[in-house]
Structure formats: structure tokens, C-alpha cells
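Breakdown of the fold
Next come the chains, spelled out residue by residue.
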Amino acid sequence: MSENAKTTWDNILVYVRERINPQSYNTWFGSSRGVELKDDVLLVEFPNGFFIDWIEEHYYSILEEAVQHINGNKLRIAFKAIREQGDRPRKKKKRLILSHDGTKLQERYSFENFVVGKNNEFAHAAALAVGEAPGEAYNPLFLYGGVGLGKTHLMQAIGNFIHRQYKTLNIYYTQAENIMTELIEAIQKNQQMAFKKKYRTKDILLIDDIQFIYGKERLQEEIFHTFNYLYSQGKQVVITSDRPPKEILTLEERLTSRFQGGLVVDIQPPDLETRIAILHKKAETEDIRIPSNVAYYIASRVKSNIRELEGCLIRLLALASLSGQDVNEQLAEEVLKDLLGSSSKITKQMILKQVIEEFGFSEVELKGRKRTQKLALARQTSMYLIRTLLSLSLAEIGEFFGGKDHSTVIHAIEKIEHLKKTDIEYFQRLERITNRINS
Ligand code: ADP
Ligand code: MG
């Protein structure tokens, strides 16, 4: 085994680990190993072919991002199964060429893979209408709803659908957070024109998680003008948010009314029947059938969101593949005990995200060295929350914040504990952030 391969893969894993939930991370990446690095190809071992299929299908983008982030080179990752499984034929293998720019649409987020229930039928119909007549039906289409209820899926389904019909249209999917990063960079490098041009030359602009623009005036301004421009050209804009436009506080009035001017639709949590249907659908796309009693067993217990529902199924399939058993209720029970028992679905990244939302700094700033009073407070708050919610060691926290000394972390925690007791406004603020992280 080459040391180099191990280090390279471990670096990639650090990136991945911070961005997906611990359950998925442990399930899929926990037993992987970087074994060889030759001619820019990194060979990585997984327990069996099922894992490899899964990784290729679901973690392609994040691995791509990780590679970009780590060395930006044309590193290619190849997978190897330690043990080939006998009964299940491997799917056709995709080659992973890891270099590209911009965020891509995921093929699996299609209308075909989207289960329609009472909770989302209106949103689905609206999305389909936009897909069929971009720029004509509803503009913008504004989809909102809680975490893991299918906003990103529907939004990308629109993109995929349009792409299939009109190959030449310029479709662009991005998260509001990315636009922010680009905007900051454009300002720093004095390339605002290029930034504007980039967004104004899209035919279909899909902006995910717009709630991020909360409190960011300059960003709102840019998005407003971009939207007006695209709208006047008959281009389609689709937006998602975790709450309705009027609840994105401090959203400029003209932007709110712009959003309201199109169609605003919500997605509600799915009922039991829909949850069962979703499980069957997911299994089907993995070429696996799950018995009805197992689907019922899971769907009646996991109610909060579809991502979690999916998480359960995935873990169940992984466990079945590792133990060579069929999917049955007993296995499902084991998986659920595991999942429902561990309350730590919270990740560092989730904590940062909420702190960022509350204080309005960027991740780079939080991990950086600048120490204005407000920034320091936001940074200390994140350190405190990571410490109390995740029980990480002081060293790990320091590391996460760009290699800070553990005494800095101690200082942060003490400071926040003091503030909590003495500053009621701050106390409420902390409560608010904590609630959002937990919800
Ligand atoms: P959101 O963006 O609202 O947080 P996502 O679109 O990321 O949620 O959905 C979370 C997961 O649940 C995705 O894997 C998605 O494919 C799946 N999902 C959500 N809604 C449905 C649905 N109606 N049918 C099938 N899968 C769904
Ligand atoms: Mg989403």
C-alpha cells in the first residue's frame, strides 16, 4: 500500500466527512482505503461492488468537489471491490473523470423518480408546467418547504427535463451560497462585469436555497437585477427556499414582490402512503425489491423527512449486502435502532451554516484570522456550539477553524458561557441558532 495513496484518500475523506451526515459517512466511507496512486489515478478499495455502485451514483459530485478542493488537478479515482458479490450483477461502470467547473444537475433527480403525493402534487404540477414551457408558464417559480422534502429534486428535475428537450439551452443550477462566494470574488478581483454576464446569459437559472441571501443586501441587489434582466428576455428562473418569500426577513420589498409575481408553491411532509411509495421507488432505482412489510415498518417510523427515509433504506441495503442476507424486518429493526437511537445527525457544517445565517459571515471568514468584534463573536459561537453539540476535542475544533490553538478554543467557550449568563439578547440568539440546528 502506498503512503501517498492513503494520504490522498484520507484528505478527500476529510472533505467528504464534513459535508455529509455521519451515518452516511460511516456506512459508505468507513471501510474504504486508498491503496495505490499511479499516473494520477487513485485506486480506492471498498468492501464490495454494491458499495462502489452506490458511491458512484450518489457521491460522485462530492468526490469531484473534494478532488478539486484538494489539488485541483486531474486526479482520477478508480474503485476496487475487496470481495465481488456473487448474486447481484454489477451495474455498468461509469468512469469518473474528476474535473469540471460549475455545479451539475444530478440525473437521478428526475420527474420519473419523483413520487407524487398529496403533499407535493401542486408543486410537482407547477414544476412540470415550467419544464414543458420554460419562460412561459410561471416565472419565477418559487418552491418552498422544510428540509429534505424534495425541493432540490424538483428543481433539478425541471433542469433535466428541459435539457432533454432543448439541448442547446443554457441551463444553470447553483446554490445561493455559491453565488455569494462568486460575488465576493468578483468584487475582490474587480470582475463584476464578468459576474453579471455569467448570470445574464443563462436561459434557465435555477437558484437553490435562496434563504441564504437573508440580510445580504448586495447579493439581493445582484439577484434582483439578474432576475429582471432574465425575465425581460423571457428566460426562466426557478427558486427554492426553506420558507415563503415574505418570511425571508429583510428581503427587499421589490424582490419579495418579484417572487410573489410568479408562482409560489409549497411542499409539505409526505403522508404514510407516500412515504411507502417513495421507499419502493428508491429501492427500484437501485434494482432491489423490498418486501411491503419492511417498507411499512420503516415508513411508519421515519416521518420527519425524505432524506432520512432514504438514509434508512440505504443503510438497510448496505447492511444486507455486507451480511449477505435478504432485506427483512429484522434487519430493518436493527438499522432503525441504530439510526433513531443516535441523535447525532448534526454535523459541523450544519452548525456553521446556521451561525453563518445568523451572523452573516462566510465560512472563510469564520475560519480565518481576522478579528473584528462581530466576527470574533460569530467564530466563538460556532466553536462553542460544535463543542457542546458534537463533543469534539479542543484540538479538533482548533483544526477545523484553520489550525487555531486549543487555548483559543477554550477562551471562546468560556467567553460564550459567560455571555450566555450575562447577556439576555445573546442568550436568545444562541437559543434560536440551536433550535434551527436541531430542527
Ligand atoms: P430539499 O432540497 O427539500 O432539502 P431534496 O430535494 O434534497 O430535499 O430531497 C431529499 C431526498 O429525498 C433526495 O434524495 C430526493 O431524491 C428525495 N425525495 C424528496 N422528495 C421525493 C419524492 N417526492 N419522491 C422521491 N424522492 C424524493
Ligand atoms: Mg435542497
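Quick note: structure is the one above.
Below, the discussion takes up the site of ligand 1. Taken together, 19 residues lie around ligand 1, and Gly148, Lys151, Thr152, His153 and Glu310 are the ones closest in. Val115 places a main-chain nitrogen or oxygen 2.8 Å from a nitrogen atom of ligand 1. Computed on the free molecule, ligand 1 has an accessible area of 550 Å², of which 96% lies beneath the protein chains in the complex. A per-class count over the shell around ligand 1 returns seven nonpolar, seven polar and five charged.

Between Asn139 and the following residue, Pro140, the backbone shows a cis peptide bond with an omega angle of -5°. With respect to the secondary-structure elements, Pro140 resides in the loop between α5 (121–132) and β4 (141–145). Phi angles above zero are rare outside glycine, and Asp39 is one such case at about 45°. As for its placement among the helices and strands, Asp39 is situated in the loop between β1 (33–38) and β2 (41–48). What makes Asp39 exposed here is its relative accessible area of 70%. With a phi angle near 55°, Asn190 is a residue other than glycine that sits in the positive phi range. Mapped onto the fold, Asn190 is located in the loop between α7 (176–188) and α8 (192–200). Classification of Asn190 by relative accessible area gives exposed; the value is 63%.

Let's shift gears to the sheet that holds strand β3 (residues 76–83). One open sheet accounts for three strands, arranged β1-β2-β3; its pairing is mixed. The two strands at the open ends of the sheet, each matched to only one other strand, are β1 and β3. Strand-to-strand twist in this sheet, taken as the mean axis angle between neighbours without regard to direction, amounts to 30°. Where β2 lies against β3, seven bridges are found, and the strand directions are parallel. Counterpart to Val41 in the pairing with β3 is Arg76. Sitting on the sheet, helix α1 (residues 3–17) touches β1, β2 and β3, and the angle it makes with β1 is about 120°.

It is worth spelling out the packing of aromatic side chains at this point. Aromatic ring pairs are defined here through the distance separating the ring centres and the angle between the ring planes. The full count for this structure, using the stated rule, is 14 aromatic pairs. Residues Trp9 and Phe29 carry aromatic rings whose centres are separated by 6.4 Å and whose planes lie at 40° to one another, so their mutual orientation is tilted. Placement of Trp9 in helix α1 and of Phe29 in helix α2 (residues 22–29) is noted, with a sequence separation of 20 residues between them. For the residue pair Trp9 and Phe29, the accessibility class agrees, reading buried in each case. Through successive ring pairs, a cluster of aromatic residues spans Trp9, Tyr25, Phe29, Phe46, Tyr59 and Phe79. We note Lys216 situated over the ring of Phe212; from NZ or CZ to the ring centre the distance is 4.0 Å. The positively charged end of Lys367 is found above the aromatic ring belonging to Phe400, 4.1 Å away from the centroid.

On to the sheet that holds strand β8 (residues 263–267), then. Spatially, five strands are ordered β5-β6-β7-β4-β8 in an open sheet, and the strand pairing comes out parallel. At either margin of the open sheet sits one strand with a lone partner, and together these are β5 (171–175) and β8. Across this sheet, the average inter-strand angle for adjacent strands is 15°, counted without regard to direction. In the sheet, β5 pairs with strand β6 (residues 204–208) via five bridges, with the strands oriented parallel. Of the residues in β6, the one forming a bridge with Tyr172 is Leu205. Sitting on the sheet, α5 touches β4, β7 (236–241) and β8, and the angle it makes with β8 is about 135°.

Looking now at helix α15 (residues 348–359). If you check α15, its first and last C-alpha atoms are 16 Å apart, about what 12 residues at 1.5 Å a residue would give, namely 16 Å. Of all the 12 residues making up α15, 10 are buried; the element is thus mostly covered by neighbouring parts of the structure. Every buried residue of α15 is listed here: Lys348, Gln349, Ile351, Leu352, Gln354, Val355, Ile356, Glu357, Glu358 and Phe359. A positive backbone phi angle near 80° is found at Gly360, which sits one or two residues after α15.

Right, let's talk about the nonpolar core for a bit. Residues Trp9, Ile12, Val16, Trp28, Phe29 and Ile298 are the most contacted members of the largest nonpolar core, which totals 54 residues. Top element by residues in this core is helix α13 (residues 306–323). It accounts for nine residues. Here Phe29 is in contact with Trp9, Leu13, Val16, Ile20, Ser24, Ile55, Tyr59 and Leu63, once residues within four sequence places are set aside. Counting residues in hydrophobic clusters, the runner-up holds 53 residues, among them Leu219, Phe224, Tyr384 and Leu385.

Analysis parameters
Residues numbered from 1 in each chain as written. Chains lettered and ligands numbered in written order. Predicted model: local features only at pLDDT ≥ 70, side-chain atom pairs only at ≥ 80, totals over all residues. Heavy atoms only, no water. Near = heavy atom within 4 Å. Polar contact = N/O pair within 3.5 Å; in protein donor to acceptor, adjacent residues only side chain to side chain. Areas by Shrake-Rupley, 256 points an atom, 1.4 Å probe, with all protein chains shown as cover. Nonpolar A, V, L, I, M, F, W, Y, C, P; charged D, E, K, R; others polar. Helix = DSSP H or I, 4+ residues; strand = E, 2+ residues; numbered from the N terminus. Buried < 20%, exposed > 50% of the residue type's maximum accessible area, 1.4 Å probe, protein only. Pairing = 2+ DSSP bridges. Axes fitted to C-alpha atoms, helices over the stretch in contact; angles between N-to-C directions. Contact = heavy atoms within 4.5 Å. Phe/Tyr/Trp six-rings, centres within 6.5 Å; stacked < 30°, edge-to-face > 60°. Lys NZ or Arg CZ within 6 Å of the ring centre and 35° of its normal. Expected span 1.5 Å × (residues − 1). Core = buried A, V, L, I, M, F, W, Y, C linked by side-chain atoms within 4.5 Å.

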